[in-house]
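Coordinate inspection notes
Residues per chain are reported as follows:
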Amino acid sequence: MVEVMIRKGLRNPLDEAQVRRAVLALHTFAAKKNEERTKTPLVEDIEYLSCILTRKLVPAKTSLKPIPITLPHALYDESAEICLFVKDDDKKRIKETLEKDPVQGVTKVMTVKKLRKNFSRFEDKRALAAAYDMFLADDRVLPYLKGPLGTTFFTKKKTPVAVRVSRKNVATSVRLASRRTAFHVSAGVCNNVKVARLNMTPEQIVDNIMVAANSCASLIPKGWNGVQSISIKTNNSVALPVYNALAPLAKLPPVGKTANLKKRKLDEYVAEAEEAEKETQCKKTVVEEEVPKTKKNAKAVKAIETTEKMSKKQKRKPAKTTTPLAKKNALVKKKVAKK
């Protein structure tokens, strides 16, 4: 077994036995699926095992640039084909160095100019993405590949991994890059990372998962404290949980300070009593509203209704207005009557 490299202050809480059980379960599931197949495919697709890491918080910034993660066992086997994107001026030098010191799997060296010219249509880009297992790119060219490659490379998680080919030892840097996997900072909480091939041995898969999980956690703020869960799956299987972060414990009151504890308990008791009184009052009001009308209540209601009707009629009648001339005439009549 390969020892997991742990950074300073970063511990790996993954249970290796649990990871091994999940890997064996996926192996048996894949074997059953192969037995159930009625038709044998013309080209056997290599099934990869992915590690799904769920964060606790959404990342503040997203990035399309993949972050390389070195694995103890190579993700791609000897039959894998790798395409390398380089600068237009530097293609000749890189080809010559790779011919002198060949790297297993690197079958194509392509310039950005040729990529734009020959793979401008969507169908061509999709065919290019399906033709190779892995794509590498010169770190000087990588920022300019977003447009020429299109969305197909990003949806299929085949974005090129950065390689420093400007150095003298081109072959060693390409070899290291071919052994790596990529971590993509997505806009959501989940991150999907290719970890191993299903045709590897269980020990190799477990080693890759342990190292990849620890490396991914180091790229997240707060490390493992920022990781909510980790699960592993194949292309056609259900995700099997391997790690779940526990909820943080509530802060308990300090032990020994009995006075504070008593005061706190008393406050809680008073608050509970007040809430109970409020609930009883609410229940009483609801019961009073739901009581059926008796004869006395009916009479009282009728009396109230009649008074309301009378008041409405009085409001409708216009008030008698008296002019100043009418007032004078009335006073004169009174004086005459007295005499």
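Residues numbered from 1 in each chain as written. Predicted model: local features only at pLDDT ≥ 70, side-chain atom pairs only at ≥ 80, totals over all residues. Heavy atoms only, no water.

As summarised here, the arrangement of the 4 strands in space is β8-β1-β9-β10, forming an open sheet in which the pairing is antiparallel. Because the sheet does not close on itself, it has two edges, and the strands there are β8 (190–197) and β10 (240–244). Sheet twist, expressed as the mean angle between neighbouring strand axes with direction ignored, is 20 degrees. For strand β1 (residues 48–55) and strand β9 (residues 227–233), the ladder comprises 6 bridges, and the chain directions are antiparallel. Paired with C51 across the two strands is I232, which belongs to β9. Most of the contacts of helix α1 (residues 16–36) go to β10, to which it runs at about 170 degrees, and overall it touches β1, β9 and β10. (Pairing = 2+ DSSP bridges. Helix = DSSP H or I, 4+ residues; strand = E, 2+ residues; numbered from the N terminus. Axes fitted to C-alpha atoms, helices over the stretch in contact; angles between N-to-C directions. Contact = heavy atoms within 4.5 Å.)

In the structure shown here, the tally under the stated rule is 7 salt bridges. Residue E16 pairs with R20 through a salt bridge whose shortest N-O separation is 3.4 Å. Taken together, the residues span about one helical turn, with E16 and R20 both in helix α1 at a distance of 4 residues. Where D124 meets R121, a salt bridge forms, and the shortest distance between an N and an O atom there is 3.3 Å. (Salt bridge = Lys/Arg side-chain N within 4 Å of Asp/Glu carboxyl O.)

Function cannot be read off these values alone, since they describe shape.
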